[in-house]
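# Examination of the molecular architecture
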Amino acid sequence: MVETKGYEFYWNIHEGGYELVDNTLYEYRGKVTGTPFDKYYADRIFFHTELLARRRQGESTATYVDALPPWLVLKETRVRLRELELIKEGKMPADDLRMPIPRRKGYRPLSDPVLHRKFASLRTEALETEALRFANKYGLLGRAVRLHPVKLVSQTVKGESLYRWRAEIDKMGVLLAIWDWVRKDDAGKLGQIIIWPSPESVVIRFKWKSLKGEYEILPWPEEDFDVEEEDQSDYSSQSSYAYVEDLLDEVLPRPKKPPAWFKPYRRGEVVGPARHYLYSMINYHLREITPSLNPWVGGKVDFRPRALLDALWLMFMLEVNGAIRTCFYCGGPFEPTRKDNIYCSKNCKRMAHYYTQQKRGGKP
Ligand SMILES: [Zn+2]
């Protein structure tokens, strides 16, 4: 049994499915919070607080990624826009407009305890196909913005940017990869990215890249590293390099004035600071989960994610907290029979040992 008791969440999927529209048809005219970049920067996703959690400033505001085309919209959108244009040109009687009937079906995302891992392993090289497949099955993330047709005056639609998808997939993929080291207590790997420049400061610094839904965390090279002038403006570029730095400075209180509750990490310790960083990043994403009284269950208090994206971060939180158990080898959910079980099957255990042996250069 997966322990998602105390959390309640329904989400709707449009039965007709979704499609993509670009800026030849629609545009975002609302406000953008923070800096309005005109292209996507994979290396900024861990820095921009507006990307870490959406500020609730109403529908008309969005972060810069939400304003970048293309957007996922309801499937009939393009046909309907064409019909509206024909009516306006007098080439089609207004009565013939086929207004789509929204058909929505609800489901409970929390019943799939590893949905966050499925999301984070979408292959961003084929993002259009992958995001459409995921959206048709699980719905939009809940970060849609209002879009205006480029040519017509009225008839706005709601659309969700593929760049928002890219940013969220990358963020979760990177953090899950770090979590996989933290939960294995892999001080060797973490020692490459958690650095103590002085006894008073600890930083996390890494490069990362993704390929076919797998995220690789790499040490930041000592020598001057020129970020390859890879075109990251494409939401489906082959791989992404980016780095994160000094974030622990923000996260960890300065040891000079440690608050009473804070036990400073000893210099050189890497697993603790990595865990601390991970917690704070996840916490940023839990701000849209609020308690509410459930009128159908005698006023019991449920915690409700606001949208699918918030539910995905909630599932990540539940995995980190141990309520959702996933296999150390395949990432699949499982029911441990003993407290120290870490693999879902004998096969996964065998495979994990095989790869450990291979890395050590020994015979498998
Ligand atoms: Zn497994």
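So, a few notes on the structure that sits alongside this text. Since we're looking at a predicted model, the values are computed, not measured.

### Section: the environment of Ala 62
Inspection of the secondary structure assignment puts Ala 62 in strand β5 (residues 61–63). Considering only alpha carbons, one finds Ala 62 and Arg 143, 81 residues apart in sequence, at a separation of 8.5 Å. Contact partners of Ala 62, with chain neighbours within four places excluded, come to Tyr 28, Lys 31, Val 32, Thr 33 and Val 145.

### So, the packing of helix α5 (residues 162–183) against helix α8 (residues 271–284)
Running from amino to carboxyl end, α5 crosses α8 at an angle of 145 degrees, the nearest separation of the two axes being 10 Å. Note on packing geometry: the crossing formed by α5 with α8 is left-handed. On α8, the residues that touch Leu 175, Ile 178, Trp 179 and Val 182 of α5 are Val 271, Ala 274, Arg 275, Tyr 277, Leu 278 and Met 281. Partitioned by chemical class, the residues of the contact of α5 with α8 number 9 nonpolar, no polar and 1 charged.

### Some details on the side chain of Asp 112
Counting through the fold element by element, Asp 112 comes out in the loop between β7 (104–107) and α3 (115–120). We classify Asp 112 as buried; its relative accessible area is 16%. Looking at Asp 112, its side chain comes within polar contact range of the side chain of Lys 118, at 2.6 Å. Apart from the residues lying within four places of it in its own chain, the contact partners of Asp 112 are Lys 118, Tyr 138 and Met 315.

### So, the coordination of the zinc ion
For the zinc ion, the full set of protein donor atoms is Cys 327 (SG), Cys 330 (SG), Cys 344 (SG) and Cys 348 (SG), at a range of 2.3 Å. Here the zinc ion binds 4 donor atoms, and the angle range of 107 to 112 degrees at the metal identifies the geometry as tetrahedral. Written as a sequence motif, the donor arrangement for the zinc ion is C-x2-C-x13-C-x3-C.

### Let's talk about the packing of aromatic side chains
Per the counting criterion, the structure on display carries 12 aromatic pairs. Taking 5.5 Å as the distance between ring centres and 45 degrees as the angle between the ring planes, the aromatic pair formed by Tyr 40 and Tyr 163 counts as tilted. A residue pair is termed long-range when its members are at least 10 positions apart, and Tyr 40 in the loop between β4 (31–33) and α1 (49–52) and Tyr 163 in helix α5 qualify at 123 residues. One exposure class covers both Tyr 40 and Tyr 163, and it is buried. Geometrically, the ring pair formed by Phe 134 and Tyr 138 is tilted, given 4.7 Å between the ring centres and 45 degrees between the ring planes. Note that Phe 134 and Tyr 138 are positioned in helix α4 (residues 127–138) at a spacing of 4 residues, about one turn of the helix. Exposure remark for Tyr 138: the relative accessible area of 11% places this residue in the buried category.

### Let's talk about unusual backbone geometry
Residue Pro 70 is bonded to the preceding Pro 69 through a cis peptide linkage, with omega at 0 degrees. Within the secondary structure, Pro 70 sits in the loop between β5 and β6 (71–74). Of note in this structure, Asp 185 is not a glycine but carries a positive phi near 55 degrees. In this structure, Asp 185 sits in the loop between α5 and α6 (187–190). In this structure, Lys 212 takes a positive phi of about 50 degrees despite not being glycine.

### What about the environment of Tyr 18?
Within the fold, Tyr 18 resides in strand β2 (residues 18–21). Exposure remark for Tyr 18: the relative accessible area of 6% places this residue in the buried category. Distance from Tyr 18 to Lys 75, taken between C-alpha atoms, is 4.3 Å for residues 57 residues apart in sequence. Excluding residues within four positions of it along the chain, Tyr 18 makes contact with Asn 12, Ile 13, Val 73, Leu 74, Lys 75, Leu 132, Ala 135, Asn 136, Gly 139 and Leu 140.

### What about the pairing of strand β15 (residues 289–294)?
Direction of pairing for β15 relative to strand β16 (residues 300–305): antiparallel, over a ladder of 6 bridges. Residue Ser 292 lies in a different strand from β16, and its bridge partner there is Asp 302. Linkage of β15 to β16, two consecutive antiparallel strands, is achieved through a turn of 5 residues, within which Gly 298 is found at a positive phi near 55 degrees.

### Some remarks on the nonpolar core
Ranked by internal contacts, the top residues of the largest apolar core, which has 74 residues, are Trp 165, Ile 178 and Leu 308. Top contributing element to this core by residue count: α5, with 14 residues. When near neighbours in sequence (up to four residues on either side) are disregarded, Leu 308 contacts Phe 9, Trp 11, Tyr 107, Pro 109, Leu 115, Phe 134, Tyr 138, Gly 139, Leu 140 and Leu 141. Ranked by size, the runner-up nonpolar core spans 12 residues in total, among them Leu 81, Leu 84, Val 145 and Leu 152.

### A closer look at the side chain of Ser 161
Mapped onto the fold, Ser 161 is located in strand β9 (residues 157–161). Owing to a relative accessible area of 1%, Ser 161 belongs among the buried residues under this scheme. Reaching out from Ser 161, the side chain makes a polar contact with the backbone oxygen of Leu 68 at a distance of 2.7 Å. In contact with Ser 161, not counting residues within four places along its chain, are Val 65, Asp 66, Leu 68, Pro 70 and Trp 71.

What counts, and where the lines are drawn
- Residues numbered from 1 in each chain as written.
- Predicted model: local features only at pLDDT ≥ 70, side-chain atom pairs only at ≥ 80, totals over all residues.
- Heavy atoms only, no water.
- Helix = DSSP H or I, 4+ residues; strand = E, 2+ residues; numbered from the N terminus.
- Contact = heavy atoms within 4.5 Å.
- Axes fitted to C-alpha atoms, helices over the stretch in contact; angles between N-to-C directions.
- Left-handed = near helix turned anticlockwise from the far one by under 90°.
- Nonpolar A, V, L, I, M, F, W, Y, C, P; charged D, E, K, R; others polar.
- Buried < 20%, exposed > 50% of the residue type's maximum accessible area, 1.4 Å probe, protein only.
- Polar contact = N/O pair within 3.5 Å; in protein donor to acceptor, adjacent residues only side chain to side chain.
- Donors = N, O, S within 2.8 Å, 3.2 Å for Na, K, Ca; no water.
- Tetrahedral: all angles 85-135°; square planar, octahedral: opposite > 155°, others 65-115°.
- Phe/Tyr/Trp six-rings, centres within 6.5 Å; stacked < 30°, edge-to-face > 60°.
- Pairing = 2+ DSSP bridges.
- Core = buried A, V, L, I, M, F, W, Y, C linked by side-chain atoms within 4.5 Å.

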